[in-house]
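Chain by chain, the residues:
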Amino acid sequence: MENYGFTIYLDQTSQTYFTGESIADIYYNSATKKIYMPQMFHNRVIIEEKDKITSTEQSKNNILYNYGIIDAFIGGLYKGSLPIKELKLKGDFGIAAPDMLDGELTMLNGKVYQTKATGEVNVVDNEYKTPLSTVTFFEANMTFYVNNATEQKDLLETIENRLTNKNVMYAVKITGDFSNMRTRAFPPVKEEPFPALSTILDRQQFFNIQNTKGTLVGYHLPEYLNGIQMSGFHFHFLSADTKKGGHVLDFKGMNLKIEIAELKSFEFETPTTNDFQNFQFRKKHNEDLERIEQGK
């Protein structure tokens, strides 16, 4: 089903929503607090209460959506299978891998940016596909500031100390001035069988970005999700002018705004491609679980 977006302007604010049907000429009656949505293709008008629409949309916030499995991706499954237009229905903030491994993808404010191995950054179109992605509709539960110059290690320790539950999923957004930002991107792959990511580390391209404003987009995920995604901190960077970015390796920054969203639930989707269905995952042994299952 095609998905269409529409924007409602209420009380000097606006919010974009999505529906499975095309609609036009939205009308809001402030007296009845109802929204009228004509569907031209079906010759009908949908009438809905404003509070119901807005509360339903707000309930989408801070749900972690994960497409693909990082263990499969680093094992060589680089072909994109999820269109960006579908990913945008699941979040406006997050990180992803590009089709055929040319750099890194960063989603910020609903746009998806690709940092290529050349260092070039561009916005990908809605038909572009990703093999692995982790996104959410970001709404911060906690905000604090670090104004003094700080290294990555010290800042991440400060953030981790604010995370009261170590087994909860968190989305983390860091905005500010960075005197140094070290990022990387992998080059594209072309011929099958594709090599495992660990065997082409020597092909990484590194970028030392100096004196720039920008945003770190990422997560702190619990250990039990390791293998589906990466546990601990994982960040991508996008400069304020959207001309530089990549997977974050190290940084030093100041005048930093740290926003943290505690994620409420987890939606997990795997590709239906033949490559994924036939991928041989490594066995992970849990001796205690095996003994209990076998009654020994």
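Residues numbered from 1 in each chain as written. Predicted model: local features only at pLDDT ≥ 70, side-chain atom pairs only at ≥ 80, totals over all residues. Heavy atoms only, no water.

**A closer look at the overall build of the protein**
Here is step 1 of the chain: Helix and strand counts for the protein come out as six helices and 20 strands.
Here is step 2 of the chain: Every one of the 296 residues in the protein was classed for burial, and the buried ones make up 44%.
Here is step 3 of the chain: Taking contacts inside the protein between residues at least 6 apart in sequence as the whole, the part at least 24 apart equals 69%.
Here is step 4 of the chain: Surface accessibility of the protein: about 16,400 Å² in total, with carbon and sulfur atoms responsible for 46%. (Helix = DSSP H or I, 4+ residues; strand = E, 2+ residues; numbered from the N terminus. Buried < 20%, exposed > 50% of the residue type's maximum accessible area, 1.4 Å probe, protein only. Contact = heavy atoms within 4.5 Å. Areas by Shrake-Rupley, 256 points an atom, 1.4 Å probe, with all protein chains shown as cover.)

**What to know about the environment of L221**
Here is step 1 of the chain: Positionally, L221 belongs in strand 17 (residues 205-221).
Here is step 2 of the chain: Considering only alpha carbons, one finds L221 and V168, 53 residues apart in sequence, at a separation of 7.1 Å.
Here is step 3 of the chain: If near-sequence neighbours (up to four positions away) are discounted, L221 is found in contact with L64, M169, Q229, M230, S231 and G232.

**Some points on the pattern of salt bridges**
Here is step 1 of the chain: Within the structure shown, the criterion is met by seven salt bridges.
Here is step 2 of the chain: Residues K90 and E267 are paired through a salt bridge, measuring 2.8 Å at the closest nitrogen-oxygen approach. Of the two residues, K90 is situated in the loop between helix 3 (84-87) and strand 8 (93-97) and E267 in strand 20 (residues 265-269); the sequence distance between them amounts to 177 residues.
Here is step 3 of the chain: Of the residues examined, E267 reaches a relative accessible area of 32% and is grouped as partly exposed.
Here is step 4 of the chain: Salt bridges sharing common partners tie together K79, E192 and D275. (Salt bridge = Lys/Arg side-chain N within 4 Å of Asp/Glu carboxyl O.)

**Some details on the nonpolar core**
Here is step 1 of the chain: Ranked by size, the top nonpolar core spans 24 residues in total, and within it I159, I174, L216 and I258 carry the most contacts.
Here is step 2 of the chain: For this core, the elements supplying multiple residues, two or more each, are strand 14 (142-146), helix 4 (152-162), strand 16 (170-185), strand 17, strand 18 (232-239) and strand 19 (245-262).
Here is step 3 of the chain: Beyond its immediate chain neighbours, meaning those up to four positions away, I159 contacts F144, V172, I174, F233, I258 and I260.
Here is step 4 of the chain: By size, the runner-up hydrophobic cluster in this structure holds 16 residues, among which are L108, F138, A171 and V217. (Core = buried A, V, L, I, M, F, W, Y, C linked by side-chain atoms within 4.5 Å.)

**Considerations on the packing of aromatic side chains**
Here is step 1 of the chain: Overall, the coordinates contain ten aromatic pairs when judged by the stated rule.
Here is step 2 of the chain: Where Y78 meets F194, the ring centres are 6.0 Å apart and the plane angle is 45°; that geometry is what we call tilted. Residue Y78 is found in the loop between helix 2 (70-74) and strand 7 (82-83), and its partner F194 is found in the loop between strand 16 and strand 17; the two are separated by 116 residues along the sequence.
Here is step 3 of the chain: Residue class for Y78 comes out buried when judged on its relative accessible area of 0%.
Here is step 4 of the chain: Centroid distance F178 to F237: 5.6 Å. Interplanar angle 80°. Geometry classified as edge-to-face. Of this pair, F178 sits in strand 16 while F237 sits in strand 18, placing them 59 residues apart in sequence.
Here is step 5 of the chain: Its relative accessible area of 0% is what places F237 among the buried residues.
Here is step 6 of the chain: Connected via pairs of aromatic rings, a cluster forms that spans F73, Y78 and F194.
Here is step 7 of the chain: Here R162 stacks its cationic end above the ring of F144, 4.0 Å away from the centre of that ring. (Phe/Tyr/Trp six-rings, centres within 6.5 Å; stacked < 30°, edge-to-face > 60°. Lys NZ or Arg CZ within 6 Å of the ring centre and 35° of its normal.)

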